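The chain contents come next:
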Amino acid sequence: MRGTFMLAALTALTPGLALPREAAAQARGSEDGAVRVATGRAVPANVVGVDFGALLSGALAVSYERAFTPSFSLRGGPRLQLGPAPFLAGWPGDFLEAQVGFGGGVEAGARVYLRGFAPQGAFLELDASMLVQSQRLGSGAETLGAHLQAGLVLGYQLVVARRFVVSGGFGAILVMSSYVNFDVHGLAFPLHFALGAAF
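Residues numbered from 1 in each chain as written. Predicted model: local features only at pLDDT ≥ 70, side-chain atom pairs only at ≥ 80, totals over all residues. Heavy atoms only, no water.

Undergrad: Please set out the overall build of the protein residue by residue, giving values where relevant.
TA: Within the protein one finds three helices and ten strands. Mapped from its N terminus to its C terminus, the protein presents α and β elements in the order α-α-β-β-β-β-α-β-β-β-β-β-β. The proportion of buried residues among the 199 residues of the protein is 36%. The long-range fraction of contacts in the protein, counting pairs at least 24 apart against all pairs at least 6 apart in sequence, stands at 56%. (Helix = DSSP H or I, 4+ residues; strand = E, 2+ residues; numbered from the N terminus. Buried < 20%, exposed > 50% of the residue type's maximum accessible area, 1.4 Å probe, protein only. Contact = heavy atoms within 4.5 Å.)

Right, dumping it as structure tokens:
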């Protein structure tokens, strides 16, 4: 009888020993799930988009962006210049009429996200484009010219339902004549408005 009493007392003092294996397995599963949630991304890391703001500059631009850290991403893609840029502000005011014509090339950018979780949030982008475009000479004749454009873009990108992307901003871009002597033609102020998809 004394043995039965001691066994009952030991069982009451050590309830953890009586936990079923199923309960322990569920506890381990909950811990593993918490770790997966803690290490997952807040938004997808990849974005493909079309910059409709480039249409104001007489261009069609498609880009792919990849976030590498919560605050840094790289972006790049093709750019097709359809003709002059009648709605693009620039300084001096007449250089765009002479230097921007039909052509194409590539553009790339490095984004630092000041707020949010890349590729979502407020960003500052160092942007560069390499283009071959038609341009008018002083005599009125047209020829092909190589251009390098480089500048900064400040904007905000929003990822909706982890699928749809809306991005907007504005920038200041130096337009230079070639990749060799870097003669500056002027300063352009493009608007950025893009729609895309995240995955």
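There is more to say after this.
Undergrad: Account for unusual backbone geometry, naming residues and giving values.
TA: In the segment running from Ala 118 into Pro 119, the intervening peptide bond is cis, with an omega of 10°. Mapped onto the elements of the fold, Pro 119 is located in the loop between β5 (103-113) and β6 (121-136). Phi at Ala 161 takes a positive value of approximately 55°, unusual for a residue other than glycine. Inspection of the secondary structure puts Ala 161 in the loop between β7 (142-160) and β8 (164-176). If you check the backbone angles, Arg 162 has positive phi at about 60° while not being a glycine.

Undergrad: Give a detailed account of the packing of aromatic side chains, specifying residues and quantitative values.
TA: Applying the stated criterion across every chain, the model contains two aromatic pairs. Note on Tyr 113 and Phe 123: the rings are 5.7 Å apart at their centroids and 55° apart in plane angle, and the pair reads as tilted. Here Phe 123 lies in strand β6 and Tyr 113 lies in strand β5, a separation of ten residues in the sequence. The lysine or arginine in question, Arg 111, covers the ring of Phe 123, its NZ or CZ lying 3.9 Å from the ring centre. (Phe/Tyr/Trp six-rings, centres within 6.5 Å; stacked < 30°, edge-to-face > 60°. Lys NZ or Arg CZ within 6 Å of the ring centre and 35° of its normal.)

Undergrad: Residues and numbers for a positive patch on the surface, please.
TA: Residues Arg 41, Arg 66, Arg 162 and Arg 163 make up a contiguous surface patch of positive charge. With respect to the element layout, Arg 163 can be found in the loop between β7 and β8. (Patch = residues over 30% accessible without salt bridge, like charges linked within 9 Å, V, L, I, M, F, W, Y side chains within 5 Å. Areas by Shrake-Rupley, 256 points an atom, 1.4 Å probe, with all protein chains shown as cover. Salt bridge = Lys/Arg side-chain N within 4 Å of Asp/Glu carboxyl O. Lys, Arg positive; Asp, Glu negative; His and termini not counted. Charge placed at Lys NZ, Arg CZ, Asp CG, Glu CD.)

Undergrad: I'd like a rundown of the nonpolar core, residues and numbers included.
TA: In terms of nonpolar packing, the biggest core is built from six residues, these being Ala 45, Ala 67, Tyr 113, Ala 118, Phe 123 and Val 153. Among all residues touching Tyr 113, those that are not within four sequence positions of it are Glu 65, Pro 70, Ser 71, Ser 73, Ala 118, Pro 119, Gln 120, Gly 121, Ala 122, Phe 123 and Gln 157. (Core = buried A, V, L, I, M, F, W, Y, C linked by side-chain atoms within 4.5 Å.)

Undergrad: Before we move on, can you summarise the side chain of Ser 167 with the specific residues and values?
TA: Take Ser 167: it is sitting in strand β8. Its relative accessible area of 2% is what places Ser 167 among the buried residues. Of note is the side chain of Ser 167, whose polar atom sits 2.8 Å from the side chain of His 192. With residues near it in sequence (within four places) discarded, Ser 167 still touches Arg 111, Phe 123, Tyr 156, Gln 157, His 192, Phe 193 and Ala 194. (Polar contact = N/O pair within 3.5 Å; in protein donor to acceptor, adjacent residues only side chain to side chain.)

Undergrad: Provide a residue-level description of the pairing of strand β10 (residues 191-198), including the pertinent values.
TA: Pairing of strand β1 (residues 46-51) with β10 involves five bridges; the strand directions are antiparallel. Bridge pairing links Gly 49 to Gly 196 in β10. (Pairing = 2+ DSSP bridges.)

Undergrad: Lay out the pattern of salt bridges in plain terms, naming residues and giving numbers.
TA: Enumeration over the complete set of coordinates arrives at six salt bridges. In this structure, Arg 75 engages Glu 107 in a salt bridge whose closest nitrogen and oxygen atoms are separated by 3.5 Å. Residue Arg 75 is located in strand β3 (residues 72-81), and its partner Glu 107 is located in strand β5; the two are separated by 32 residues in the primary sequence. Note on accessibility: Arg 75 and Glu 107 belong to one class, buried. Residue Glu 125 pairs with Arg 111 through a salt bridge whose shortest N-O separation is 2.7 Å. Of this pair, Glu 125 sits in strand β6 while Arg 111 sits in strand β5, placing them 14 residues apart in sequence. Like Glu 125, the residue Arg 111 is buried in the burial classification.

Undergrad: So what's going on with the pairing of β8? Residues and values would help.
TA: Pairing of β8 with β10, which is carried by seven bridges, proceeds in the antiparallel orientation. Bridge pairing in β10 links Gly 169 to His 192.

Undergrad: Tell me about the side chain of Ser 73, and please be specific about residues and values.
TA: Relative to the helices and strands, Ser 73 resides in strand β3. Its relative accessible area of 0% is what places Ser 73 among the buried residues. Of note is the side chain of Ser 73, whose polar atom sits 2.6 Å from the side chain of Glu 65. Non-local contacts of Ser 73, meaning those with residues more than four positions away in its chain, are made with Glu 65, Arg 66, Ala 67, Phe 68, Gly 109, Ala 110, Arg 111 and Tyr 113.

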